[in-house]
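Here is what each chain is made of, one letter per residue.
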Amino acid sequence: MTGFEYTILIPLIPLAIFLITGLLGMKWKPAVSGILGTAGMGTSFLLSVITAISYFFGGHGEAGFSPIIPANITWLKLTETLHIKMGVLLDPISVMMLVVITTVSFMVHIYSLGYMKGEKGFARFYAFLSLFSFSMLGLVLATNIFQMYIFWELVGVSSFLLIGFYYEKPSAVAASKKAFIVTRFADLGFLIGILILSFITGTFDFDQLTNPQASVFGGAASLGFMGISAMTWAMVLIFIGGAGKSAMFPLHIWLPDAMEGPTPVSALIHAATMVVAGVFLVARMFPVFHFQAPDALEVVAWVGGFTSLFAAVIAITQFDIKRVLAFSTLSQLGYMMLALGVSGYGGEEGLGYMASMFHLFTHAMFKALLFLGAGSIIHAVHSNYMYDMGGLRKYMPITHITFLIACLTIAGVPPLSGFFSKDEILVAAFNHNKILFGIEYLVAGLTAFYMFRLYFNVFWGKDRHYHHTPHESPLTMSIPLMFLAVASVFAGFLPFSELVTSDAKPFETEMHLMIAVPSVLIGLVGIFFAWLLYKKESRVPDAIAAKFGILYKATYNKFYFDEIYLFVTKKIIFNYISRPVAWFDRHIIDGFMVGIGLVTEKTSYLIKGMQSGQLQHYAFAFVAGTLALVLSILYFL
Amino acid sequence: MNILSLFVVVPVLTIVGILFTKDFKGARVVSAIGMSIQLVLAAALILMYLGARKAGVTDEMLWTADYTWFKSLNIHYAIGVDGIAVAMIGLTAIVVFAGIFASWEVEYLSREFFISLILLATGVFGFFISLDLFTMFLFYELAVIPMYLLIGVWGSGPKEASAMKLTLMLMGGSALLMVGLFGLYYNSAPDGGSLTWNILEIAKIKIPVEAQRFFFPFTFIGFGILGALFPFHTWSPDGHASAPTAVSMLHAGVLMKLGGYGCFRVAMFLMPEAANEMAWIFIILTTISVVYGAFGAIWQKDLKFINAYSSVSHCGLVIFALLMMNQTAMDGAILQMISHGLMTALFFALIGMIYGRTHTRNITEMGGLMKVIPFLAVVYMIAGFASLGLPGLSGFVAEMTVFVGSFQHQDTFHRVVTIIAASSIVITAVYILRVVGMILLGPVKDPHHLELTDAKWFERLSTITLVLSVAAIGIAPLWLSDMIQASLEPIVAKLTVFNPF
Amino acid sequence: MIQGIPIYHFLVVSTLMFFIGVCGFIIRRNLITMLMAVELILNSVNINFVVFNRYLYPDQLQGHFFSLFIVGIAAAEAAVAIALIINIYRRINNIEVENVNEMKF
């Protein structure tokens, strides 16, 4: 029919591998599960690349790339019109996401062969990785918003399982719990958003919802709640769902803790794929946002902008290298959200949309590279903390070079890919709102600074006391590093504006030197300061930190958001709601029920004396009663 | 013989069979055989039902039969099933089957134990196939009363007190129910003619509205007590905590469904005007119980208490959705009954198995069980995920159907309470993950637990049956949902004719 | 009817017997005496049956039959009661009714 039927295999292969490995993995040698998983993911990767090539370069009509639905089956009929379907939707962004997910996932599968070697639960790890890949692929291929929600939840649970992979470690358990509950809270918003949206439109299907000429919003205008239109409510709530997964402020708190998971997991889930699901969601619903709820889009822009600044500031003060990267991820996700928020629809107007997707793509490559590099470092020195590292460039040349490439990319140094995508975002922000643009300029500088702070601390400076001499990682780990480094370098040259655009029609972009040159300069300034402060061991950073005092402390403690989270969950929910509820139930409601029983018992105790056991008392009562009855009947009748 | 009567006859024959056995080994084998036959019958019934519908049989009830057994009051043994009853029979058969294997090692008075258990099951099966209110009530009582013995004799903890509390509260419900049913009977011929107990015949006439107003609360609350309607739910934590494993399974898994089933099949179906008038009261009560049960569960330390409160929350959602009175929401309610029945039975089975090993149900005394008893721990996690509504497991399908259905209501009040009820999915996640985190993950807390052994074959059989059912509904819900929706049509039609909204 | 004796005479006798029996049952403490009181009550009823039968439906016999039944049953009852009393005597060495109060509460 459409020639794309095979795409259904892309998610199904990981699912099959999950089931097989999950059920039988314990009985095999660990390596078997690893190789099976990797082979399966490799197949999916190849299929995705083939799909992308034939989709993007198979030509397109006047109207741009049209969506293709090779498969769609009804999964559940809710009402006459609301059907939940399971299917595959191919359009520019889903095809792009296919490539991103399978590439990073494949690399992580290979990398983990080395990184996780000898770990207990190796098979379990690969099973979960496959489960995650399946869910994530299902999410991006969703043909309707409910299918997306279904896979959204599955992605959340695979993330829960993988963060808590070292389940004997209490901190990992707590982190996985936190991640799940925070995102679950956001998902509630998503769910209510879907409910409102489906109530208004009577459909879940994207091809009806995201069609700019859609007629399904007919009744929307008249509905509202608290002075805000129903569509704005719906889209803000859906965005909350996206913000939860993409860890936007103030739902970001789970992401840094999620670094308790194994590093390849952080690379795959918490850097490259799952956390961009929120961005993807907004992108997928973009026409609805743009045409029906522009106010909600403004919210998206500001939340994104604020998160990018907020996270960048925190990243400067962290010492755990994975946490620095986590906050950097937050910051970059903020960029993508912001780009979507400032975008218009169609052609040049849709620059922000294109830029966001472009950045999503490049970010996936270089951030996965950074995480895998960090994993390689952690593998070598057995610590997550910068102050346990130093001078590693001598011992780990491949890691060093690839890490440097990634740092330069994220700092936006041309001609690496980060430069191109970030530049487009800045242009889009500039066209929309100057304050947001200013924030992003600042963030660009901060990004370069904290990345190179990390880089210099780890690879330069003097050697620490290592348990054993750090060594370069095995080939299984360095090949993915090199592959991703190459991708990071060259991804910028992909003609994104001709492939992935808001209305699926290609347009031309040009270099805006007025914006690009200062942004590069700001990046370089950031790098320069980092070089100044961290190239050699010095007291200056500590002195600066001391100078800022409380501010530094607040930043170091991530502005106490974790404490607020703990306060809300432990104190409010646990102590102030749940405990009184439990007490109320036991003592008031149950007390009432028991009280009924007690009253009965007490009454019976009071009147049981009448059963004296004296036969003649009974006889007397009987006769007296009979007489009384007879007399009263005689009297009254 | 009518296939439906077999569902009562097979358990009775099993009971007779148990009488001839000598020791606990014989008793459990006979019970297992009997209930396996029952399971096969149920599967056959579902297939036959689907086949009949596919062949275009449009009767409201299939395989009807009618024998008078008490002429002067016109009481019949009238049976027949629609898709909903078929689904509930399937649920019961699965849970009873799993329950028998979960109590494989009951040695104390085991013949009596299995007899009571199967007697209870007989009552439940009879209830679901009955079309005659009196016979239905008879089976209902037959299901409730063995519970007293089962908890009082084979239970744990303050078993006598719990058994009495549970039975008395349920009997209180029965008393209300009886008033309601008599009310229906004496109003079943408002224009003269002979009175009837038959549901289908009562459904054809219109009970006078005054009578409905009076008798609806009796009937609804009477069934609602068994369905853990707030504030009449407090028998549930105590009863479940003291009950032996299989009894908890059957009770939470099946008996509580009798309440929900009765609520719509009798109270709402036969008294639609009153149901529409009074729905808002019960909607508020059930909204409270959905959220309240979930919050209540967070604080508990006893695994069974947690599950009992979670049942209050989930069963609250059943009645909540029923009262929304549209096809989707009611479909969700039935799905939720089935889903909750399966997963809560699974939970109680697992809690029993864990308790049998660790001799504690206090979650603060356990930890790291994943390492020592991986099979049970993984299944517990699956049950937990089902409970918090993970897609691919049955809870998700049911909850989403409920929420989408309820939200389709044109009235703002209903949509607002839907959002409140939907917030329970977060709270559920909190208590489920708290339990999972405390008892399964983390380091092993008690060194004695390191020597625990994992599930035996009968425990695996019991839990895997339930897990497979939960997953089957979660992955392919369409056939079940379609079957239920088709059967709901006459009920919804009757309810919406009088719908004032 | 019976040669000019009005029905009231019989009824007065039977009522007197009935209430004497009731009083005896309530007041006397000795089980044997109480049993005798019960016999009085039964026989007062017998008189009523016979009298009413004779006066109201002289051509029928049900009343007579019924009193015969009662006599028969009274005999059986006396046998059971005396057996009980003997057993009670063996247990507690007297037949005072206040002492037979095990069955209370």
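Computed from a predicted model, the values in this text were never measured in an experiment. (Residues numbered from 1 in each chain as written. Chains lettered and ligands numbered in written order. Predicted model: local features only at pLDDT ≥ 70, side-chain atom pairs only at ≥ 80, totals over all residues. Heavy atoms only, no water.)

Caption draft 1: A look at the overall build of chain A. From N to C terminus, chain A includes 24 helices and four strands. Expressed as a percentage of the 637 residues in chain A, the buried residues total 60%. Partitioning the intrachain contacts of chain A with sequence separation of at least 6 by distance along the chain shows that 80% fall at a separation of at least 24. A total of about 24600 Å² of accessible surface is found on chain A, and carbon and sulfur atoms cover 71% of it. Here chain A contributes 36 positive and 34 negative side-chain charges, whose respective centroids are spaced 14 Å apart. (Helix = DSSP H or I, 4+ residues; strand = E, 2+ residues; numbered from the N terminus. Buried < 20%, exposed > 50% of the residue type's maximum accessible area, 1.4 Å probe, protein only. Contact = heavy atoms within 4.5 Å. Areas by Shrake-Rupley, 256 points an atom, 1.4 Å probe, with all protein chains shown as cover. Lys, Arg positive; Asp, Glu negative; His and termini not counted. Charge placed at Lys NZ, Arg CZ, Asp CG, Glu CD.)

Caption draft 2: Summary view of the pattern of salt bridges. Tallied over the entire structure, the rule returns 23 salt bridges over all chains. A salt bridge links arginine 323 of chain A to aspartate 320 of chain A; its shortest N-O distance comes to 3.7 Å. Note on accessibility: arginine 323 of chain A and aspartate 320 of chain A belong to one class, buried. Between lysine 165 of chain B and aspartate 238 of chain B there is a salt bridge whose closest N-O contact spans 2.4 Å. (Salt bridge = Lys/Arg side-chain N within 4 Å of Asp/Glu carboxyl O.)

Caption draft 3: How the structure looks around the packing of helix H5 (residues 133-154) of chain B against helix H6 (residues 159-186) of chain B. Residue and element names in this part refer to chain B. Here H5 crosses H6 at 170°, and the two axes come no closer than 8 Å. It follows from the interaxial angle that H5 and H6 lie roughly antiparallel. Class assignment of the residues belonging to the contact of H5 with H6 gives a composition of 18 nonpolar, three polar and three charged. (Axes fitted to C-alpha atoms, helices over the stretch in contact; angles between N-to-C directions. Parallel < 35°, antiparallel > 145°, perpendicular 65-115°, else oblique. Nonpolar A, V, L, I, M, F, W, Y, C, P; charged D, E, K, R; others polar.)

Caption draft 4: Summary view of the side chain of aspartate 320 of chain A. Residue and element names in this part refer to chain A. Mapped onto the secondary structure, aspartate 320 falls in the loop between helix H13 (294-317) and helix H14 (321-342). When its relative accessible area of 8% is taken as the criterion, aspartate 320 is described as buried. Once you skip the residues sitting within four places of it in the chain, aspartate 320 turns out to touch Asn384 and Tyr385.

Caption draft 5: Layout of the interface of chain A and chain C. The partner chain C presents 14 residues to the twelve residues of chain A that form the contact. Taken together, both faces of the contact between chain A and chain C bury some 1000 Å²; the carbon and sulfur share is 66%. Considering only the surface of chain A that becomes buried against chain C, Gln614, Leu615 and Gln616 of chain A emerge as the three largest contributors, covering 46% of it. Counting across the chain A and chain C interface gives five residue pairs in polar contact (both at pLDDT 80 or more). (Buried area = accessible area lost by both parts, 1.4 Å probe. Polar contact = N/O pair within 3.5 Å; in protein donor to acceptor, adjacent residues only side chain to side chain.)

Caption draft 6: The arrangement of the pairing of strand E2 (residues 83-90) of chain A in detail. All names here are of chain A. When you tally the buried positions in E2, you get seven out of eight residues, the bulk of the element. Sheet topology note: the strand E1 (residues 68-77)/E2 ladder contains seven bridges and is antiparallel. The residue of E2 that forms the bridge with isoleucine 73 is methionine 86. Hairpin geometry of E1 and E2 is characterised by an intervening segment of five residues between the two adjacent antiparallel strands. (Pairing = 2+ DSSP bridges.)

Caption draft 7: Spatial organisation of the packing of helix H2 (residues 24-54) of chain B against helix H3 (residues 83-102) of chain B. All names here are of chain B. Taken N-terminus to C-terminus, the directions of H2 and H3 make an angle of 155°; their axes are 9 Å apart at the nearest point. With respect to each other, H2 and H3 are oriented roughly antiparallel. Here the hand of the crossing between H2 and H3 comes out left-handed. The residues of H3 that touch H2, namely those facing Arg28, Ser31, Ala32, Met35, Ser36, Gln38, Leu39, Ala42, Leu45, Ile46 and Tyr49, are Gly83, Val86, Ile89, Gly90, Ala93, Ile94, Val96, Phe97, Ile100 and Phe101. Along the lines of polarity and charge, the residues of the contact of H2 with H3 split into 15 nonpolar, five polar and one charged. (Left-handed = near helix turned anticlockwise from the far one by under 90°.)

Caption draft 8: A look at the interface of chain B and chain A. Opposite the 57 residues of chain B that make contact, chain A presents 48 residues. Carbon and sulfur atoms supply 75% of the area buried between chain B and chain A, which totals about 4800 Å² over both sides. Note that lysine 371 of chain B is salt-bridged to glutamate 168 of chain A, the shortest N-O span being 3.7 Å. Its residues assigned to classes, the side of chain B that touches chain A comprises 35 nonpolar, 16 polar and six charged.

Caption draft 9: Geometry of the arrangement of the chains. The protein chains that touch form two pairs of chains, and the pair with the most contacts between them is chains A and B. At the level of C-alpha atoms, the two units chain B and chain C stay apart, their nearest approach being 21 Å.

Caption draft 10: Inspection of helix H1 (residues 9-24) of chain A at higher detail. Here H1 of chain A is 16 residues long and its end C-alpha atoms lie 22 Å apart, about the 22 Å a rise of 1.5 Å per residue gives. Contacts made by the buried residues of H1 of chain A are with helix H2 (30-56), helix H3 (92-115) and helix H4 (122-140) of chain A. (Expected span 1.5 Å × (residues − 1).)

Caption draft 11: Looking closely at the environment of methionine 17 of chain C. Residues and elements named next belong to chain C. Tracing the chain through its elements places methionine 17 in helix H1 (residues 7-27). Note on methionine 17: relative accessible area 18%, which makes it buried. For the pair methionine 17 and isoleucine 27, spaced ten residues apart in sequence, the C-alpha separation works out to 15 Å. Excluding residues within four positions of it along the chain, methionine 17 makes contact with Leu40, Asn43, Ser44 and Ile47.

Caption draft 12: Main features of helix H11 (residues 277-284) of chain A. The buried fraction of H11 of chain A amounts to eight of the eight residues, a majority that puts the element mostly inside the structure. Residues of H11 of chain A that are buried include every one of Ala277, Gly278, Val279, Phe280, Leu281, Val282, Ala283 and Arg284 of chain A, and no others.

Caption draft 13: Spotlight on the packing of aromatic side chains. Enumeration according to the criterion identifies 63 aromatic pairs over all chains in this entry. Grouped by ring-pair contacts, the aromatic residues Phe127, Phe128, Phe137, Tyr140, Phe223, Tyr261 and Phe264 of chain B constitute a single cluster. In this structure, arginine 284 of chain A packs its charged tip against the face of phenylalanine 206 of chain A, placed 5.2 Å from the ring centre. Of note, lysine 434 of chain A hangs over the ring of phenylalanine 430 of chain A, and the distance from its end group to the ring centre comes to 4.6 Å. (Phe/Tyr/Trp six-rings, centres within 6.5 Å; stacked < 30°, edge-to-face > 60°. Lys NZ or Arg CZ within 6 Å of the ring centre and 35° of its normal.)

Caption draft 14: Summary view of the confidence of the model for chain C. On average, residues of chain C score 89 in pLDDT, and 96% of them reach the 70 mark or higher. For this predicted complex, the interface confidence comes out at an ipTM of 0.90, alongside a pTM of 0.87. (pLDDT = per-residue confidence, 0-100.)

Caption draft 15: Spotlight on unusual backbone geometry. Residue and element names in this part refer to chain B. For the peptide bond that leads from phenylalanine 230 to proline 231, omega is 0°, which places it in the cis range. Within the secondary structure layout, proline 231 lies in the loop between helix H8 (209-226) and helix H9 (235-242). Despite not being glycine, tryptophan 63 shows a phi value in the positive range, around 50°. Along the chain, the position of tryptophan 63 falls in strand E1 (residues 62-70).

Caption draft 16: How the structure looks around a negative patch on the surface. Taken together, the side chains of Glu348, Glu349, Glu498, Glu508 and Glu510 of chain A make up a negatively charged region of the molecular surface. Inspection of the secondary structure assignment puts glutamate 510 of chain A in the loop between helix H19 (475-490) and helix H20 (513-534). (Patch = residues over 30% accessible without salt bridge, like charges linked within 9 Å, V, L, I, M, F, W, Y side chains within 5 Å.)

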